[in-house]
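Each chain, letter by letter, is given below.
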Amino acid sequence: MSTLKITNLSKTYANGVKALVNVSIELENGMFGLLGPNGAGKSSLMRTLATLQEADSGSATLDDIDIINQPTELRKVLGYLPQEFGVYPRITAEQLLTHLAILKGVVHSKERKELVKYLLDKVNLYDKRNKNVKGFSGGMKQRIGIAQAIIGNPKLIIVDEPTAGLDPGERNRFYNLLADVSSDVIVILSTHIVDDVRELCTKMAIMNLGEVVYHGEPQSAMDDLKGKVYQKIVTREELKQYAEEYKVISNKMVAGQPHIHVYSDHHPENGFEQVPPNLEDVFFSKINTSNVLV
Ligand code: ADP
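About the thresholds
Residues numbered from 1 in each chain as written. Predicted model: local features only at pLDDT ≥ 70, side-chain atom pairs only at ≥ 80, totals over all residues. Heavy atoms only, no water. Helix = DSSP H or I, 4+ residues; strand = E, 2+ residues; numbered from the N terminus. Rg over C-alpha atoms; globule rule 2.2 N^0.38 Å. Buried < 20%, exposed > 50% of the residue type's maximum accessible area, 1.4 Å probe, protein only. Contact = heavy atoms within 4.5 Å. Areas by Shrake-Rupley, 256 points an atom, 1.4 Å probe, with all protein chains shown as cover. Lys, Arg positive; Asp, Glu negative; His and termini not counted. Charge placed at Lys NZ, Arg CZ, Asp CG, Glu CD. Axes fitted to C-alpha atoms, helices over the stretch in contact; angles between N-to-C directions. Parallel < 35°, antiparallel > 145°, perpendicular 65-115°, else oblique. Left-handed = near helix turned anticlockwise from the far one by under 90°. Near = heavy atom within 4 Å. Polar contact = N/O pair within 3.5 Å; in protein donor to acceptor, adjacent residues only side chain to side chain. Nonpolar A, V, L, I, M, F, W, Y, C, P; charged D, E, K, R; others polar. Core = buried A, V, L, I, M, F, W, Y, C linked by side-chain atoms within 4.5 Å. Domains from an automatic or database assignment.

*Asks:* Teacher, can you tell me more about the overall build of the chain here?
*Replies:* A count of helices and strands for the chain gives 10 helices and 14 strands. Compactness check: the chain gives a C-alpha radius of gyration of 21 Å against a globular reference of 19 Å for 294 residues, within 12% of the reference. Once the C-alpha set of the chain is aligned to its principal axes, its extents read approximately 70 × 45 × 35 Å. Among the 294 residues that make up the chain, the fraction classed as buried is 50%. For the chain, the share of sequence-separated contacts (at least 6 apart) that also reach a separation of at least 24 residues comes to 68%. Per element, the accessible surface of the chain, about 14700 Å² overall, is 48% carbon and sulfur. In the chain, 33 positive and 36 negative side-chain charges are present, and the distance between their average locations comes to 8 Å.

Listed below in structure tokens is the structure:
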């Protein structure tokens, strides 16, 4: 069992943007979801943990490795799938993984051959091993990304916004693969997609404007809202008025009609019904901006 401990990490960019404000999170093996809207600071945190950029202050340790001061040690046990693992050369899947395995220090050719076969099998691309990766679908590219991230048996795997742009089938296959590789390592999945966290994560944090605004289990966050979420189907014209009158925490279109969820300590009048809280409700109530008008 490994432990990743992040303590009071802060980072302000040269332009004055506070991307990380005293971020503290502790996590162990399994899939951890880092949820937040665009601009929340997720990538800044992921890049800091991946030793690609420095924080201004604070500390982060993975077991006995000091991530900030021993970046080389950390890199030996890190698998990283960056947000933009987008540059795919005109070589086959097998050639690409072979090349990346060499870069990661797998120098013996027999061992490397076995590893590449294992990786291709694991991410279900063995049949496509002789195909050019440039022509792969988004989901296949992400699976190659996971294959390279697990070279060298990492203790910590970081995946930054991995499901954006995948179709539902690809997303499902990718979820299964991630769940499969996360059994005995720490996986941090950064995402702005609530479904990613609902499907995969037993623990999560929500970030907004550089701060951690929730840290815990998705289920207990939903339990906290129990009895306080009410739903009503309204017209699009009424949306603005409801947003002014109530604390609207989410707004979902169902068959072209807005279904709004409001947060309230008591039963609002006029046609609201109490509903079980979902993870979207948690997300939007924690980041404190309803998405009602977007
Ligand atoms: P997320 O991954 O949650 O979308 P980021 O960490 O990418 O968030 O960005 C957090 C904030 O920092 C945003 O306001 C973004 O515009 C800003 N930012 C990110 N990278 C830089 C940079 N290199 N220089 C200046 N501002 C940056």
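*Asks:* Would you take a moment to explain the packing of helix H3 (residues 93–103) against helix H5 (residues 138–149) for this structure?
*Replies:* Between two packed helices, both the angle of their axes relative to each other and the distance between the axes serve to describe the pair. Two elements in contact, H3 and H5, have axes whose closest approach is 10 Å; the angle formed by their N-to-C orientations is 30 degrees. Viewed along their axes, H3 and H5 adopt a mutual orientation that is roughly parallel. Of the two possible hands of crossing, H3 and H5 adopt the one that is right-handed. Residues Ala93, Leu96, Leu97 and Leu100 of H3 pack against Ile144, Ala147 and Gln148 of H5.

*Asks:* When you look at the site of the ligand in this model, what are you seeing that I'm missing?
*Replies:* Near the ligand there are 13 residues, and of these Gly39, Gly41, Lys42, Ser43 and Ser44 occur at the shortest range. Gly41 is positioned with one of its backbone polar atoms (N or O) 3.0 Å from an oxygen atom of the ligand. Between Lys42 and the ligand, the recorded distance is 2.9 Å, taken from a side-chain N or O atom to an oxygen atom. Alone, the ligand offers 560 Å² of accessible surface; in the complex the protein occludes 64% of this. Of all the elements, helix H1 (residues 42–49) adds the most residues to the shell around the ligand, at four residues. A class-by-class count of the residues in the shell around the ligand yields five nonpolar, six polar and two charged.

*Asks:* Explain unusual backbone geometry to me, please; I cannot follow it from the model alone.
*Replies:* Backbone phi values are negative for most residues with the exception of glycine, while trans is the configuration of most peptide bonds. The phi angle at Asn8 is positive, at roughly 50 degrees, despite the residue not being glycine. Following the sequence through the fold, Asn8 ends up in strand S1 (residues 3–12). Even without glycine at this site, Asn22 takes up a positive phi of about 50 degrees. Mapped onto the secondary structure, Asn22 falls in strand S2 (residues 18–28).

*Asks:* How do you make sense of the nonpolar core when you look at a structure like this?
*Replies:* Among soluble globular proteins, nonpolar side chains are generally buried collectively. Ile144, Ile146, Val159, Leu178, Met204, Ile206 and Val282 are the most contacted members of the largest nonpolar core, which has 53 residues in total. Among the domains, domain 1 (3–216) and domain 2 (223–287) are the pair contributing at least three residues each to this core. Ile206 has contacts with Leu35, Glu211, Val212, Val213, Tyr214, Val282, Phe283, Lys286 and Ile287, leaving out every residue within four places of it along the chain. Formed by 29 residues, the second largest nonpolar core is a distinct cluster that contains Leu27, Met46, Ala50 and Ile65.

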